[in-house]
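Tertiary structure, described
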Amino acid sequence: MAGLTPIAITGLGVLSGAGMNLPESMETLFRNERHPHPPFRFSTDHPVSYPVLELREEFKLPLDAGETVYARTSQLALVAALEALTDAGWNVESLRDKRVGVCVGTTVGCALNCDEFYRAYKDEEQPDMKIIERFLRSNPAAVIARQLKLDGPTQTVVNACSSGTDAIGIGASWLRAGVCDIVIAGGADELARVTYAGFSSLMITDPDPCKPFDAERKGLNLGEGAGLLVLESAKVREEKKTRGTLLGYGSASDAHHLTAPHPDGTGLKQALAVAFVAADVTPEQITFINAHGTGTPDNDRVESRVMNDVLPGVPFVSTKGYTGHTLGAAGGIEAAFTVACLQRQEIPASIGFSTADPELLTTPVQENCSVFGDVALSESLAFGGNNAVLIFGRGES
Amino acid sequence: MKMAIQGIGLTAGFGSGIEALRSALQSGRAASVTGNGEQSAFRADVSGLAEFIPKRALRRIDHFSKMTLLGACLALKDADLLDADRSRTGVVIASGYGALKTTFNFLDSYLDFGYSCSSPTHFSNSVHNAAAAHVSIQLKTTAPSLTVTQFEMSVPSALLSAQQWLAEGRVDQVLFGAVDESCDVLTYCREQFFGSGEQGPLQPLTFAEQSAVAGEGAVFFVLNRETDTAPYGFIDGVRMGNYLVRPTILPEGDQLIVGADGHKECGRWYQQLLKGRKVAAYSPLYGSFPAAVGFDLAVAAVSQCDGKLYASPAANGSPAALPTQKLGGEQLSCLKLGPGGDYGLIRLST
Amino acid sequence: MSVKEKLKQVLIEDLNLEDVEPNEIEDDMALFGDGLGLDSLDAVELVVIVQKHFGVEIKDMEEGRPAFQTISTLAQYIEERMA
């Protein structure tokens, strides 16, 4: 593989436990604040309540969706997509004569894990079929395309926790191939009882606010949200300023285990190597890393080892302390943060870290710091051994 | 960039392996419908997996992933690549619903025994990329992996990305698969939506009638950049969009294989777009499920290989059906329509 | 049935160890790694198994690790905590 054409990023949209849009989320990050709490929107009979990062406010769908009700994940995706499009200077009408693709990562947004419906089904009560109808019209990529009346490819990527990162890399390749003029790409995921029960059962949720890369880390906090980017071909962008540039994307599989990362991080190393070739940059050019940094003992150990080997000394931050692990949305949200941090030449403290782990050779940044450079990197590791990396260039300001 | 089809592997109600598809096409007989959901005649048999994967390795692998693995192994065998190095082989899987049974098994674990007994094994296998992960682990594919869930459009959508991975040189070949499974909850939902009794026969070209019968299966293709040798011909390209937002023109001279599968609602869309054009449909062989577009594609590939368009099964002399014919210079295209004007078109060539 | 015997039986059933007979699992055989060959995902499933079949809660892996050595250590852990 050789270097690939860079792709312009013209708009960003984020909805997360850190804020109801990108500026608000960034402000929370740089104020070093976080608001984990027990889940409000559902309950379980777990003996311990695990903190989560839910959206702090209700939100209203900015479009007239009529009587149509979408699942929460798709609503989140739609809100972030509109923020990103506005940020890029597109109104919805102006997209009608363009070929616009939508590529969105998710986990909950595609799973038929409607437990209320299923409980009624099991009890031979009459389950409410509206739940299934809502599921069937709530494919995140399809919802964005349908609601904005777009003509172009749609793809919902379900690569678990690297979905958002993969979706952005894939969206860029559609533009390079001339499949479309604009791609709305990123990820979205709602907080759900099913994933809460699942991650608890894997014993990788921290009963306290999470502590990525810390010696005392016990696991992740779940979060919810959406992060979407507007990617544009040179043809439609014309002279418009960019937020940043997508320089490269790499992905690779561990081929090792369903839930555990390869102890040597072979897949992550390979994904990094591919991303460097695609972006035509060297590790020395990387200004900072937005690490996956979930706060689970395994993830942080492997990721730290790989960063120390491939990107020694490069400052890194996990923003999951602020947003929680938003699963399929994480890659999208963190891509937006990475691009925005490159623009302001500053990264926030990696919240939750206080004590260095003697087993790890690297530590994340402990206070907000200025950075000086034009290239940054965001990485994601996922269930099933997926690893994905995006490399971004600094935008014009 | 064209993608060369080097091998096909599959399992569905009619049997496993490309020869099973070929003889189903030759006999032209739809599978008889003897039961619903998990007892359906359209249920795929995965016992053939024993030839490829040791039993111990399968202990945590569910039916969905077993279909996936069997399809993938048979495709590699068909391409004579079972022993090849797979460090540059990508895995791309399209599924409308993912591993439904395991999704519900996970819910069972906490609904029956309380949240503290939520099963981590079921949870990890219910994540939609679990099947791709099992392929990657068992077949040692270390290149990129992608799972796509786009309901009816899953196959064209995933194929579009597989094509870019080959074009950008991220992989040298792709194991491209389409997988869906039937389950009792799905049967229940279908009964609520469409009325009771999916008794068949499935008559996809009788657009105005509901005749869908839930099916399941997995089909895999070994795709690469070869420009000369391609036993099943080539996939020229994929087009996706919305014909209500912008009208689309279907390729004039192509023979169309449509993904119509007996849903009255979808039948209306085909009727609207096809405007009386004769087409072929093969869903009576494998049943109705989103990833069945992958089987349409396999039928197209086999037809190219045999130089012959097979009769649409259960067409009963429908005026909408293309007759059996030798393929001359015309190309084959697979068309799938979704709700609200969504379309996916996969064009092949020899 | 003793706790050990029941453990062997539910291990085979719930971890789907179809190729193993209960009498092939020795009391002092390592459950993980080279012995029975269980892995990290089995470990968390084992927590559920112990909860479900014996009503004994294992709060985290640090607590579970010493018990998860062999059938003997696990049976002892369970017996000590069963009412």
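Use the structure listed above.
Analysis parameters
- The numbering scheme is per chain: residues are counted from 1 as the chain's sequence reads.
- The order in which chains are written sets their letters, starting at A; the order in which ligands are written sets their numbers, starting at 1.
- Only residues with pLDDT of at least 70 get local features here, since the model is predicted, and only at 80 or more are side-chain atom pairs given and counted; chain-wide, interface and lining totals rely on the full set of residues.
- Side-chain measures were taken over the full set of non-hydrogen atoms in the model, leaving aside hydrogen atoms and water.
- Only runs of H or I of at least four residues qualify as helices and only runs of E of at least two qualify as strands under DSSP, and these elements are numbered from the N terminus.
- Partly exposed residues are those whose accessible area sits between 20% and 50% of the maximum for their type, while under 20% is buried and over 50% is exposed, using a 1.4 Å probe and protein chains only.
- Contacts are assigned to residue pairs that have any heavy atoms within 4.5 Å of one another.
- Methods summary: accessible areas were calculated by the Shrake-Rupley approach with a probe of 1.4 Å, and residue burial reflects only the protein chains presented.
- The charged-residue count follows a simple rule in which Lys and Arg add positive charge and Asp and Glu add negative charge, with His and chain termini not counted at all.
- Throughout, a charge is located at the NZ atom of Lys, the CZ atom of Arg, the CG atom of Asp or the CD atom of Glu.
- Residues enter patches when they are more than 30% accessible in relative terms and free of salt bridges; like-charged ones are connected within 9 Å and nonpolar ones (Val, Leu, Ile, Met, Phe, Trp, Tyr) within 5 Å.
- Salt bridge, as used here, is a side-chain nitrogen of Lys or Arg placed within 4 Å of a carboxyl oxygen of Asp or Glu.
- Buried area is a sum: the accessible area each of two parts loses on coming together, probed at 1.4 Å, counted once for each and added.
- In the analysis that follows, any N or O atom pair within 3.5 Å is treated as a polar contact, provided that within protein one partner can donate a hydrogen and the other can accept it, and provided that, for residues neighboring in sequence, both atoms belong to side chains.
- Three residue categories are used. Nonpolar comprises Ala, Val, Leu, Ile, Met, Phe, Trp, Tyr, Cys and Pro, charged comprises Asp, Glu, Lys and Arg, and polar comprises the others, including Gly.
- Pairing of aromatic side chains here covers Phe, Tyr and the six-membered ring of Trp, requires ring centres within 6.5 Å, and sorts the geometry by plane angle: under 30 degrees stacked, over 60 edge-to-face, intermediate tilted.
- Among buried residues, the Ala, Val, Leu, Ile, Met, Phe, Trp, Tyr and Cys ones that are joined through side-chain atoms within 4.5 Å form a nonpolar core.
- Two kinds of site are reported from a 1 Å grid over the protein atoms alone, namely cavities, where a 1.4 Å probe fits but cannot get out, and pockets, open sets with protein on both sides within 12 Å along at least five of seven lines, and residues are called lining when an atom falls within 4 Å of a point.
- Grid points are joined across faces, edges and corners, and a volume is the space filled by probe spheres set on the points.
- Any helix carries an expected span of 1.5 Å times its number of residues minus one.
- Fitting a line to C-alpha atoms yields each axis, with helices limited to the stretch in contact; the angle taken between N-to-C directions then spans 0 to 180 degrees.
- For classification purposes, angles smaller than 35 degrees are called roughly parallel, those larger than 145 roughly antiparallel, those between 65 and 115 roughly perpendicular, and all remaining angles oblique.

Notes on the overall build of chain A
Of regular secondary structure, chain A possesses 12 helices and 14 strands. Its C-alpha atoms give chain A principal-axis dimensions of about 60 × 55 × 40 Å. Residues classed as buried in chain A amount to 69% of the 397 residues present. Contacts in chain A between residues far apart in sequence, at least 24 positions, make up 80% of those at least 6 positions apart. On chain A, roughly 12800 Å² of surface is accessible, and the fraction owed to carbon and sulfur atoms is 48%. Here chain A contributes 32 positive and 49 negative side-chain charges, whose respective centroids are spaced 4 Å apart.

Observations concerning a nonpolar patch on the surface
On the surface, Leu136(A), Phe193(B) and Phe194(B) cluster together into a nonpolar patch covering about 230 Å² of accessible area. Counting through the fold element by element, Phe194(B) comes out in helix H7 (residues 184-194).

Some thoughts on the environment of Ala255(A)
Relative to the helices and strands, Ala255(A) resides in the loop between strand E8 (244-253) and helix H9 (266-279). It is 8.6 Å that separates the C-alpha atoms of Ala255(A) and Asn386(A), two residues lying 131 residues apart in sequence.

Focus: the interface of chain B and chain A
Facing the 64 residues of chain B at the interface are 75 residues of chain A. Carbon and sulfur atoms supply 60% of the area that chain B and chain A bury against each other, a total of about 5800 Å² over both sides. Our count for the chain B to chain A interface comes out at five salt bridges. Here Asp151(A) and Arg246(B) are joined by a salt bridge, their closest N and O atoms 3.5 Å apart. At the junction of chain B and chain A, the tally comes to 30 residue pairs in polar contact (both at pLDDT 80 or more). For the side of chain B that touches chain A, the secondary-structure elements that each account for two or more residues are helix H3 (100-113), helix H4 (120-126), helix H5 (130-139), strand E4 (145-148), helix H6 (154-167), H7, strand E7 (234-242) and strand E12 (342-349) of chain B. Considering each element in turn, the side of chain B that touches chain A owes the most residues, nine residues, to H3(B). Residues of the side of chain B that touches chain A, tallied by class, amount to 30 nonpolar, 24 polar and 10 charged.

Some points on unusual backbone geometry
Non-glycine residue Asn32(A) carries a positive phi angle of around 55 degrees. When you line up the elements, Asn32(A) lands in the loop between helix H1 (22-30) and strand E2 (52-53).

Some details on the packing of aromatic side chains
The tally for this structure, following the rule as stated, stands at 21 aromatic pairs over all chains. Taken together, a centroid distance of 4.7 Å and an interplanar angle of 25 degrees make the contact between Tyr118(A) and Phe104(B) stacked. Of this pair, Tyr118(A) sits in helix H3 (residues 115-122) while Phe104(B) sits in helix H3, on two different chains. Each member of the pair, Tyr118(A) as well as Phe104(B), carries the same accessibility label: buried.

Overview of the nonpolar core
A general tendency of soluble globular proteins is for nonpolar side chains to be buried together. In this structure, Ile8(B), Phe176(B) and Tyr282(B) are the most contacted members of the largest nonpolar core, which totals 101 residues. Once you skip the residues sitting within four places of it in the chain, Tyr282(B) turns out to touch Leu25(B), Ile257(B), Val299(B), Leu309(B), Tyr310(B), Ala311(B), Ser312(B) and Pro313(B). Of all hydrophobic cores here, the second largest spans 45 residues; its members include Ile132(A), Leu202(A), Phe106(B) and Ala133(B).

Describing empty space enclosed by the protein
The full count for this structure, using the stated rule, is six cavities of 30 Å³ or more. Put simply, the largest cavity is a space of about 190 Å³. Residue lining of the largest cavity: 17 residues in total, with Thr107(A), Thr195(A), Phe123(B), Ser126(B) and Val127(B) positioned closest to the centre. Those elements that place two or more of their residues in the lining of the largest cavity are helix H7 (193-201) of chain A together with H3 and H4 of chain B. Looking at the lining of the largest cavity, the element that brings in the most residues is H7(A), giving three residues. Class assignment for the residues of the lining of the largest cavity results in 11 nonpolar, six polar and no charged.

A look at helix H1 (residues 3-14) of chain C
Residue and element names in this part refer to chain C. Counted at 1.5 Å a residue, the expected span for H1 with its 12 residues is 16 Å, and the 16 Å between its end C-alpha atoms agrees. What H1 keeps buried is the set Val 3, Leu 7, Lys 8, Val 10, Leu 11 and Ile 12. Residues of H1 that are buried make contact with helix H2 (40-54) and helix H4 (71-81). Where H1 ends, the next residue or the one after it, Asn 16, has phi of about 60 degrees, a positive value.

Structural notes on the environment of Ile391(A)
Residues and elements named next belong to chain A. Looking at the element boundaries, Ile 391 is found in strand E14 (residues 386-394). Using a relative accessible area of 0% as the deciding quantity, one classes Ile 391 as buried. Excluding anything up to four places from it in sequence, Ile 391 contacts Thr 245, Leu 246, Leu 247, Gly 248, Ala 275, Phe 276, Ala 279, Val 281, Ile 286, Val 375, Ala 376 and Leu 377.

So, the interface of chain C and chain B
How big an interface is tends to be expressed through the accessible area that disappears when the partners come together. Listed by partner, the interface residues are 17 residues for chain C and 12 residues for chain B. Buried surface at the junction of chain C and chain B, summed over both partners, amounts to about 1200 Å²; 50% is from carbon and sulfur atoms. For the salt bridge of Lys55(B) with Glu18(C), the shortest nitrogen-to-oxygen distance reads 3.4 Å. Applying the counting rule to chain C against chain B returns nine residue pairs in polar contact (both at pLDDT 80 or more). Taken together, the residues of the side of chain C that touches chain B break down into eight nonpolar, three polar and six charged.

Considerations on the layout of surface pockets
Considering only enclosed or pocket space, the second largest pocket measures out at about 910 Å³ in volume. In this structure, the second largest pocket is lined by 37 residues; those nearest its centre are Leu136(A), Tyr97(B), Glu152(B), Phe194(B) and Pro339(B). Among the elements of the structure, helix H4 (129-136) and helix H5 (140-147) of chain A together with H7, helix H8 (264-274) and strand E11 (332-337) of chain B are those that each provide at least two residues to the lining of the second largest pocket. It is H7(B) that provides the largest number of residues to the lining of the second largest pocket, a total of five residues.

Some points on the packing of H4(A) against H7(B)
As a packed pair, H4(A) and H7(B) sit with axes 11 Å apart at the nearest point and diverge in direction by 95 degrees. Taken together, the axes of H4(A) and H7(B) lie roughly perpendicular to each other. Residues Met129(A), Ile132(A), Glu133(A) and Leu136(A) of H4(A) form the contact with H7(B), whose participating residues are Tyr188(B), Cys189(B), Gln192(B) and Phe193(B). Residue composition of the contact of H4(A) with H7(B), by class: six nonpolar, one polar and one charged.

Remember that the coordinates give geometry; whether it matters functionally is a separate question.
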